[in-house]
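Okay, here's what each chain looks like letter by letter:
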Amino acid sequence: MRAHLRRLREARIDGSMIRIDMLCGRLAPPTTYRLSRFVAGPACESDHEHSDH
């Protein structure tokens, strides 16, 4: 994981946008960790078109 984080920093990814997700295992699968990055998505215009407010 440290090596992956280092590569992200070298690629100039904003460290404040990186998060570590913990995927909890149950009986058989072990608990694992996954790196992900927040990505701002476009606003959905259809939500505004169908809103009564």
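Residues numbered from 1 in each chain as written. Predicted model: local features only at pLDDT ≥ 70, side-chain atom pairs only at ≥ 80, totals over all residues. Heavy atoms only, no water.

A.B. asks: Describe in detail the overall build of the protein, supporting the description with residues and values.
C.D. replies: Secondary structure summary: the protein contains two helices and two strands in total. For the protein, the succession of helices and strands along the chain, N to C, is α-β-β-α. For the protein, restricting intrachain contacts to residue pairs at least 6 apart in sequence, the fraction spanning at least 24 positions comes to 17%. (Helix = DSSP H or I, 4+ residues; strand = E, 2+ residues; numbered from the N terminus. Contact = heavy atoms within 4.5 Å.)

A.B. asks: Describe the pattern of salt bridges, with residues and values.
C.D. replies: Following the criterion strictly, the structure yields two salt bridges and no others. The shortest N-O distance in the salt bridge between Asp21 and Arg19 comes to 3.0 Å. Residue classification places Asp21 among the buried residues on the basis of a relative accessible area of 14%. The partner of Arg34 in a salt bridge is Asp21, with the nearest N and O atoms 3.5 Å apart. Of this pair, Arg34 sits in strand β2 (residues 32-37) while Asp21 sits in strand β1 (residues 18-23); the two residues are 13 residues apart in sequence, bridging distant segments of the chain. Look at the salt bridges and you will find they share partners, linking Arg19, Asp21 and Arg34 into a network. (Salt bridge = Lys/Arg side-chain N within 4 Å of Asp/Glu carboxyl O. Buried < 20%, exposed > 50% of the residue type's maximum accessible area, 1.4 Å probe, protein only.)

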